[in-house]
Amino acid sequence: MLNKNGLRLANKLLLGASLVVCAAAPVFASVTLGGTRVILGEQDREASIPVKNAGRAPYVIQAWIDAGEGKTKTPFVVTPPLSRLDPGMENILRIMRISNNLPTDRESVFWLNVKEIPEKAKEDNVLQIAMRTRIKLFYRPSALEGKPAESRHQLKWAVIPGNSSTGSVLKIENPTPYYITFTSFKINQGQQEINAQMVPPKGESVYSLSSVNIQKDIDVRFTTINDYGGETPEERATVPVAVHPIVLPLEPVTTLTVKQ
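Description of the structure in this document. What you are looking at is a predicted structure, and each value in this text was computed from that prediction instead of being measured.

A few points about the sheet that holds strand β8 (residues 108–118)
Then comes step 1: The strand order across the open sheet formed by five strands is β2-β9-β8-β4-β6, and the pairing between neighbours is mixed. Here the strands that pair on one side only, and so sit at the sheet edges, are β2 (37–41) and β6 (82–85). Going from strand to strand, the sheet's axes swing by 25° on average, the running direction of each strand aside.
Then comes step 2: Alignment of strand β4 (residues 59–66) against β8, held across eight bridges, turns out to be antiparallel.

Set out below in structure tokens:
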């Protein structure tokens, strides 16, 4: 039989175990968006995206646009900014541009935020979580040259030698007016995976090559996201050691299937 101290210890252990189980349990958003990105062209009056409540309870939906965490001032508004969404129902969020103070020679990127706020719980001591979904909003001027789907073929690549303290880096330059978003990025067939995300238009990204101990060419394999939120087929390039990045031919990566 446990004494009082033993009971207290047992209760603490049970409470700790329950907290670990709760923390390990996955949390899924009930409110889903009908896309992974929104593209608003210069000639478009507005862009829209559906939002649906796939859960079993009603939610209050709060929507807003930012230019980066903490940057709430943008040339866009989203309507309705606050609405109720019942289970199984769908609503349309509309995004409108209210200012022309944006670059005309390249894309601009913002973020659409949608937060699902649950109704107040009837029971006491209930933990409620307000989930937020955040997707990219691209503003695309009408006079941009080239095609977004082909922009990755114009990227410039180079392995830039470093010194003994910094090591080599992979430098990627994007001369196009479009954002290029990577979804996977592997060095030397998986020796190193880089969390490469977006290369800005007319900009560059630099990544440390922790798997490269000596100055040599590297094998890069990657996929990107297209305008429809789909993933492009995996492609590869052999990136040379160079002082300045250069355009490289991209080759499709073929996967061999073994019949059993």
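Topic: the nonpolar core
Then comes step 1: F76, L112 and V114 are the most contacted members of the largest nonpolar core, which totals 23 residues.
Then comes step 2: Those elements giving two or more residues to this core turn out to be β1 (31–33), β2, β3 (46–53), β4, β5 (76–79), β7 (90–97), β8 and β9 (131–140).
Then comes step 3: Take this core: its biggest share by element is four residues, from β4.
Then comes step 4: In this structure, F76 is in contact with L40, I65, I95, M96, R97, I98, L102, F110, L137 and Y139, ignoring residues within four places of it in sequence.
Then comes step 5: Formed by 22 residues, the second largest nonpolar core is a distinct cluster that contains F185, V199, V212 and V239.

A look at the sheet that holds β5
Then comes step 1: The antiparallel open sheet is built from four strands, whose spatial order is β1-β3-β7-β5. Unpaired on one side and paired on the other, β1 and β5 mark the two borders of the sheet. Sheet twist, expressed as the average angle between the axes of neighbouring strands with direction ignored, equals 25°.
Then comes step 2: Two strands pair when backbone bridges link them, and β3 and β7 are joined in this way by seven bridges, in the antiparallel orientation. Along β7, the bridge assignment pairs K52 with E90.

Description of the environment of R221
Then comes step 1: Here R221 is to be found in strand β16 (residues 218–224).
Then comes step 2: Considered as a pair, R221 and Q189 are 32 residues apart in the sequence and their alpha carbons are 7.2 Å apart.
Then comes step 3: In this view, R221 contacts S184, F185, K186, Q189, E234, E235, R236 and V253; residues no more than four positions away in its chain are not counted.
Then comes step 4: Separated by 2.8 Å, the side chains of R221 and D219 make a polar contact.

What counts and what doesn't
- Residues numbered from 1 in each chain as written.
- Predicted model: local features only at pLDDT ≥ 70, side-chain atom pairs only at ≥ 80, totals over all residues.
- Heavy atoms only, no water.
- Pairing = 2+ DSSP bridges.
- Helix = DSSP H or I, 4+ residues; strand = E, 2+ residues; numbered from the N terminus.
- Axes fitted to C-alpha atoms, helices over the stretch in contact; angles between N-to-C directions.
- Core = buried A, V, L, I, M, F, W, Y, C linked by side-chain atoms within 4.5 Å.
- Buried < 20%, exposed > 50% of the residue type's maximum accessible area, 1.4 Å probe, protein only.
- Contact = heavy atoms within 4.5 Å.
- Polar contact = N/O pair within 3.5 Å; in protein donor to acceptor, adjacent residues only side chain to side chain.

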